[in-house]
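Given next are the chains, with one letter for each unit.
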Amino acid sequence: MLDPVWLLVLLPLAAASGWLAGRRDRPNRSGRLSDKFSSEYFKGLNFLLNEQPDKAIEVFIKVLEVDTETVETHLMLGNLFRRRGEVERATRIHQNLIARPNLDRDQRSNALYELSQDYLKAGLLDRAENLLLEYAEVERKSESALEHLLYIYQQEKEWDQAISTARRLARASSTSTDEMIAHFYCEKAEEAINGNDLEEAGALLKQALSTDRNSVRATIMKGDIENRIGNSKKALQHWLKIEKLDSQYLPEVLERLKRGYSELGDRESWDGFLRRILQSEESIPVMLTLADEIESRYGPDNARKFITAELRKRPSMSGLAYLVRLTGMQATGQAQTDMQILQGMIDKAVHTRQGYVCQHCGFHARAMHWQCPSCKRWNTIKPVWDQVCD
Ligand SMILES: [Zn+2]
């Protein structure tokens, strides 16, 4: 049976060939040309009916080569195939179009762009990049080309090109790309850290922060570098800034802060910090960290009192899991076995409610990502507690 999509292809082709326009009634100068159109058109149709779509495409391309006014039909044909996932066919049509010497500037530019989209879809990023660079030179249309180039450079981890393209995009679209650029510098800094070049990493983080002075990631990384070179106090100062920059990321630095205060031998300040945060924010991870602190310093009974009072104020699955664990530790005999079973069940429920969620597209992750793997936005993934994640 003829694929319905071909009807969409055949109609404009028929129109282009003059067949639908009633060519026989028009005694015009293109009469002989239309005869040729028509016979080729039926030849193509025949291939289609015999389920030979590739031969049909060749014939239709040949038909359309006759007239530059059919460029739009070519583009439409190609796009149709790409949307259906038939990228090879789309590519063939767009390549054929570009090879024609008589296209005007706009037509050529459109064809370049469409071919770049075919290459992107096929994962041929290098080829797409070359076409998009050429396309971006046509200034008034550069925004979408720059967005695609930016996608390619991020995929390929070519951060220098990503930075310069993001700057061009900011100029072309009049929107800030500073947050994104700061992440690109952080990516470069990560590479420098992996290569043990902490000095270079420090310089890159400075650039990140001069681009986006509120960059949570760059601030955390600066603390990490200070900590790595043994400067605990400076490390702590950087990590403490996260509360003011964006307290939603605080859970990401709690372990670091604990380590920092412990290295400075200042458990009182650590305790005070956690209590202060808890007064102003309903933060489950801060509450759990404080419960840990109380348990290790003052024993399980005091931790139990604390967690019970907290659970009355703000019920949470994680708090309940903590209480069940403490109770299980003190139970004996059958009660202990029962508590262990209960703990296993609650831990499972807690596990599925913790994680990371993209605030833009709702993507769920088990680990922190600065760029959402799904929608590719930066800074949209945040830690969540006591929410359904799976
Ligand atoms: Zn997302």
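J.: Give a description of unusual backbone geometry that names residues and reports values.
T.: One non-glycine residue, Asn196, adopts positive backbone phi at about 60°. Of note, Asn196 is situated in the loop between helix H10 (178–194) and helix H11 (198–211). We classify Asn196 as exposed; its relative accessible area is 57%. Phi is positive for Lys376, close to 70°, though the residue is something other than glycine. With respect to the helices and strands, Lys376 occurs in the loop between strand S2 (364–365) and strand S3 (381–384).

J.: Lay out the coordination of the zinc ion in plain terms, naming residues and giving numbers.
T.: Within the protein, the zinc ion binds to Cys358 (SG), Cys361 (SG), Cys372 (SG) and Cys375 (SG); these donor distances fall in the range 2.3 Å. For the zinc ion, the four donor atoms in the first shell make angles of 104 to 115° at the metal, so the coordination geometry reads as tetrahedral. One chain supplies every donor for the zinc ion, spaced along it as C-x2-C-x10-C-x2-C. Cys375 gets classed as partly exposed once you look at its relative accessible area, which sits at 23%.

J.: Run through the pairing of S3, naming residues and quoting values.
T.: Side chains Ile381 and Pro383 of S3 all project onto a buried face; the interleaved residues Lys382 and Val384 project onto the opposite face, where all are buried too. Note that strand S1 (residues 355–358) and S3 share four bridges and pair antiparallel. Looking at S3, one finds that Tyr356 is bridged to Pro383.

J.: For the pattern of salt bridges, give the residues involved together with the corresponding values.
T.: For the structure shown, the criterion picks out 19 salt bridges. A salt bridge links Lys188 to Asp160, with the nearest nitrogen and oxygen atoms 2.8 Å apart. Taken as a pair, Lys188 in helix H10 and Asp160 in helix H9 (residues 159–173) lie far apart in primary sequence, 28 residues in all. Accessibility expressed as a relative area gives 19% for Lys188, which makes it buried. Taking relative accessible area as the criterion, Asp160 reaches 49% and is therefore assigned partly exposed. In this structure, Asp271 engages Arg297 in a salt bridge whose closest nitrogen and oxygen atoms are separated by 3.8 Å. Of this pair, Asp271 sits in helix H16 (residues 267–280) while Arg297 sits in helix H17 (residues 284–298), and the two are 26 residues apart along the sequence. In this structure Asp271 comes out as buried when scored by relative accessible area, which is 7%. Given a relative accessible area of 25%, Arg297 falls into the partly exposed group. Here the salt bridges do not stand alone but share partners, grouping Glu268, Asp271, Arg275 and Arg297 into one network.

Quick notes on the rules
Residues numbered from 1 in each chain as written. Predicted model: local features only at pLDDT ≥ 70, side-chain atom pairs only at ≥ 80, totals over all residues. Heavy atoms only, no water. Helix = DSSP H or I, 4+ residues; strand = E, 2+ residues; numbered from the N terminus. Buried < 20%, exposed > 50% of the residue type's maximum accessible area, 1.4 Å probe, protein only. Donors = N, O, S within 2.8 Å, 3.2 Å for Na, K, Ca; no water. Tetrahedral: all angles 85-135°; square planar, octahedral: opposite > 155°, others 65-115°. Pairing = 2+ DSSP bridges. Salt bridge = Lys/Arg side-chain N within 4 Å of Asp/Glu carboxyl O.

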